[in-house]
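Remarks on the overall topology
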Amino acid sequence: MMAWLWLVLASLLSCAGQLCQKQATRAKGGQRTALWLGLALLTLGCGMLAWLVVLQLLPVGVAYPMLSLNVVWVTLAAKILWHESVPSRHWMGVGLIIVGIILLGGSL
């Protein structure tokens, strides 16, 4: 159970880093851009450390495909935070990712 919590944490931190990068591109002014990029580096670095813990706890063949959770998180965040349009085909892909994660997770 602990491995899955680390996996979700690593995925969420990676997603947060990607969202900070996106926000840095939208920031007006050098200081704000630097702040968002600093936050991106911090969250991505913490995500990498969490990922190292995941690799100690789960087989890489199970852990690595679970990184596709990032696509789910980033899609949801982009829709909610920036009201980006997400085509139905993309939502279908997100659904298939979720099914795949459930299938992989249930095989342990």
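Figured I'd write up the structure that's included with this text. (Residues numbered from 1 in each chain as written. Predicted model: local features only at pLDDT ≥ 70, side-chain atom pairs only at ≥ 80, totals over all residues. Heavy atoms only, no water.)

**Structural notes on the overall build of the chain**
This is how it is decided: For helices the rule is a DSSP run of H or I covering at least 4 residues; for strands it is a run of E covering at least 2, with both sets numbered from the N terminus onward. Classification of residues uses two cut-offs on accessible area relative to the type maximum, computed with a 1.4 Å probe and protein chains only: under 20% is buried, over 50% is exposed, and between them is partly exposed. Contacts are assigned to residue pairs that have any heavy atoms within 4.5 Å of one another. Areas reported here follow the Shrake-Rupley algorithm with a probe of radius 1.4 Å; residue values treat only the protein chains shown as occluding.
Counting its regular elements, the chain contains five helices and zero strands. In the chain, the succession of α and β elements from N to C terminus is α-α-α-α-α. Principal-axis analysis of the C-alpha atoms places the extent of the chain at approximately 50 × 35 × 15 Å. The 108 residues of the chain split such that 31% are buried. When contacts within the chain are restricted to residue pairs at least 6 apart in sequence, long-range pairs at least 24 apart make up 69% of them. By element, 73% of the accessible surface of the chain is carried by carbon and sulfur atoms, the whole surface being about 6,900 Å².

**Re helix α2 (residues 30–57)**
Given 3.6 residues per helical turn, the α-helix brings residues three or four places apart onto the same face. Our working definition: An expected span of 1.5 Å times one less than the residue number is assigned to each helix.
Here α2 contains 28 residues, and its C-alpha end-to-end distance of 41 Å stays within 8% of the 40 Å for a straight helix at 1.5 Å per residue. Taken together, the buried positions of α2 are A40, T43, G47, A50, W51 and V54.

**Description of the packing of aromatic side chains**
Here is the rule we go by: Stacked, tilted and edge-to-face are the three classes assigned to paired rings of Phe, Tyr and Trp, where Trp is represented by its six-membered ring and a pair needs centres within 6.5 Å; plane angles under 30 degrees give stacked, over 60 edge-to-face, the rest tilted. By definition here, charges over rings are those cases where NZ of Lys or CZ of Arg is within 6 Å of the ring centre and within 35 degrees of the ring normal.
One pass over the structure, following the stated rule, counts zero aromatic pairs. The cationic tip of K22 hangs over the ring face of W82; the distance from NZ or CZ to the ring centre is 5.9 Å.

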